[in-house]
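In case you want the letters, here they are:
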Amino acid sequence: MKCYVTIRGSRDSEEVRSDGEITFDDRGFEVKYSILGDRCSFAVRGNAVTQSRRGDVNTDITFVEGRDTVCMLLSGELTGSIPVKTVLLEILSTATERTVNIDYYLGGAEINLRLTAHFSPKETL
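Rules of the game
Residues numbered from 1 in each chain as written. Predicted model: local features only at pLDDT ≥ 70, side-chain atom pairs only at ≥ 80, totals over all residues. Heavy atoms only, no water. Phe/Tyr/Trp six-rings, centres within 6.5 Å; stacked < 30°, edge-to-face > 60°. Buried < 20%, exposed > 50% of the residue type's maximum accessible area, 1.4 Å probe, protein only. Helix = DSSP H or I, 4+ residues; strand = E, 2+ residues; numbered from the N terminus.

Visitor: So what exactly am I meant to see when it comes to the packing of aromatic side chains here?
Guide: For any pair of aromatic rings, the description rests on two quantities: the centre-to-centre distance and the angle between the ring planes. Under the definition given, this model contains 3 aromatic pairs. With 6.2 Å between their ring centres and 45 degrees between their planes, F24 and F29 make a pair best called tilted. Accessibility expressed as a relative area gives 34% for F24, which makes it partly exposed. Taking relative accessible area as the criterion, F29 reaches 5% and is therefore assigned buried. Ring geometry for F24 versus F119: centroids 5.7 Å apart, planes at 70 degrees, classification edge-to-face. Of this pair, F24 sits in strand β2 (residues 16-25) while F119 is found in the segment after β10 (109-118), placing the two residues 95 residues apart along the sequence. Of the residues examined, F119 reaches a relative accessible area of 7% and is grouped as buried. Clustering of aromatic rings is evident, with ring pairs tying together F24, F29 and F119.

Limitation: the analysis is restricted to geometry and does not speak to function.
Here is the structure:
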């Protein structure tokens, strides 16, 4: 179903807004949206969240609270990874939105990611 996505990636960053699509299944939900022409997705499956971005540089990050994971970077034939430490992973649900709050360290930088998908409750019926 169609949704409206708002994202804030760190304390000093501006809020990003995008039209998107949200789908639900028995394991969680997935939000697809775009940022500056890049195709992005945010998948919530149980206690794990995966954020993907496809464009000039492709990235995949899996977040699990209290666990060390990596951010995979792919650009042409070049690949690499950056360590990720997820401190907080919070998923909030209402009749009209899903919000995911993630506090994590990417390398040594602290990031406070907030993503909200707003949708019409009539479309969930």
